[in-house]
Amino acid sequence: MADRLPVIDMSPLLGRGNAAGRMATSAEIASACEAHGFFYAVGHGIPAEALAALEAESRRFFALPLERKMAIDMARGGRAWRGYFPVGGELTSGRPDLKEGLYLGVELLPDHPRVRAGLPMHGANLWPEELPGLRAAAEAYMAGATRAAAALMEGVSLSLGLEADYFARAYTGEPTVLFRIFHYPAQGPAEQDWSQSWGVGEHTDYGLLTLLAQDRFGGLQVKSPTGWIEAPPIEGALVCNIGDMLERLTGGRFKSTPHRVKNASGHDRLSFPLFFDPDFTAPMRPLPGAAGEAAPIAADKAERWDRASVHEFEGTYGDYLLSKVAKVFPQLSAAVV
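Each value, and the rule that gives it
Residues numbered from 1 in each chain as written. Predicted model: local features only at pLDDT ≥ 70, side-chain atom pairs only at ≥ 80, totals over all residues. Heavy atoms only, no water. Helix = DSSP H or I, 4+ residues; strand = E, 2+ residues; numbered from the N terminus. Rg over C-alpha atoms; globule rule 2.2 N^0.38 Å. Buried < 20%, exposed > 50% of the residue type's maximum accessible area, 1.4 Å probe, protein only. Contact = heavy atoms within 4.5 Å. Areas by Shrake-Rupley, 256 points an atom, 1.4 Å probe, with all protein chains shown as cover. Lys, Arg positive; Asp, Glu negative; His and termini not counted. Charge placed at Lys NZ, Arg CZ, Asp CG, Glu CD. Pairing = 2+ DSSP bridges. Axes fitted to C-alpha atoms, helices over the stretch in contact; angles between N-to-C directions. Polar contact = N/O pair within 3.5 Å; in protein donor to acceptor, adjacent residues only side chain to side chain.

1. Observations concerning the overall build of the chain
Moving on, step 1. Counting its regular elements, the chain contains 10 helices and 14 strands.
Moving on, step 2. Against the compact-globule benchmark of 20 Å for 337 residues, the chain has a radius of gyration of 19 Å, which places it among compact chains.
Moving on, step 3. Projected onto the principal axes, the alpha-carbon positions of the chain cover approximately 55 × 40 × 40 Å.
Moving on, step 4. Across the 337 residues in the chain, those meeting the buried criterion constitute 53%.
Moving on, step 5. Contacts in the chain between residues at least 24 apart in sequence constitute 78% of all its contacts with a sequence separation of at least 6.
Moving on, step 6. Carbon and sulfur atoms form 55% of the exposed surface of the chain, whose accessible area is close to 14300 Å².
Moving on, step 7. In the chain, 32 side chains carry a positive charge and 40 a negative one; their mean positions are 2 Å apart.

2. So, the sheet that holds strand β14 (residues 269-277)
Moving on, step 1. As summarised here, the arrangement of the 8 strands in space is β1-β2-β12-β9-β14-β7-β6-β3, forming an open sheet in which the pairing is mixed. Both outer strands of the open sheet, β1 (7-9) and β3 (83-85), are each paired with one neighbouring strand and no more. Between one strand axis and the next, the sheet turns through 25° on average, direction left out of account.
Moving on, step 2. In terms of strand pairing, β3 meets strand β6 (residues 100-105) through 3 bridges, oriented antiparallel. In the sheet register, Y84 faces β6, and the bridge partner there is L102.
Moving on, step 3. Strands β3, β6, β7 (176-184), β9 (209-214) and β14 of the sheet are contacted by helix α2 (residues 48-62), whose axis makes an angle of about 115° with β14.
Moving on, step 4. This element, helix α5 (residues 132-159), spans β2 (38-42), β6, β7, β9, β12 (238-242) and β14 of the sheet and lies at about 50° to β14.

3. Thoughts on the environment of D319
Moving on, step 1. Tracing the backbone shows D319 in helix α9 (residues 317-328).
Moving on, step 2. Take D319: its relative accessible area is 42%, and that puts it in the partly exposed class.
Moving on, step 3. Note: C-alpha distance between D319 and T281 (38 residues apart in sequence) is 8.3 Å.
Moving on, step 4. A distance of 3.0 Å separates a polar atom in the side chain of D319 from the backbone nitrogen of T316.

Here is the structure:
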């Protein structure tokens, strides 16, 4: 792996290029997903003003007193799994992360069939009453990032020799779209020693594709065969990485690469990951012709950060997602799932 992640102009996938341009972009995506599992995406169509508004409103939210943020804590979100969590409230590999955050997703009304059926992680978002601008900024950004992610998945389809709409037809007709606003403080609360803590410890993402916007302070690190490399912010670019289920579906051709976050900037850091993932109810099976490509299970487990192979998973994406988030928020999981 090179010491820098590749930068891919995805604009041909958004209708600003011809067929040859789309195929060239898809080839770049395939190369990045095989070699890195990560790349920067430019030409994504999200206005700089949208991200600036989201950052400004998010900083206002995290500056609120803790009791005001806890007014929309995740326990109030119930099965929708939405709301705020404080510093240390999320775990990675059993250890508290040095971050706080707001969990959001596609807004579904109470009469939506999936909400009426009690499907976990479906429902309404929780918003702070005193900051109405946060909802407007977050929803505008989510809409743009979702469009970009759907276009990138067309590129992934083409890169695998499939029709451009293959994933849209087979897996993302009703995608699981989740959005997080994370705040990594310059230092942890005084009542605990956070010196050995990570903003987020080593992990992989769960689904198909993650699009990450970072503020200017950085801190993201990506694992390579030769060690950890930095993925610093690039103005106007999003970091894109693939998740466990895209590795599963491609039989290991595309790797879900471990990454982590350490805020060593001396400043408060914000990041905005959007997860564009399969339908909650979609069975996760390898794509045609991909089943025989996976590494032996034992070898794959030995390499994985959690010693669990995605290639032996059987079930729906919802099954996989719930098994993972139950470890991230064990107390919440016991209460609502």
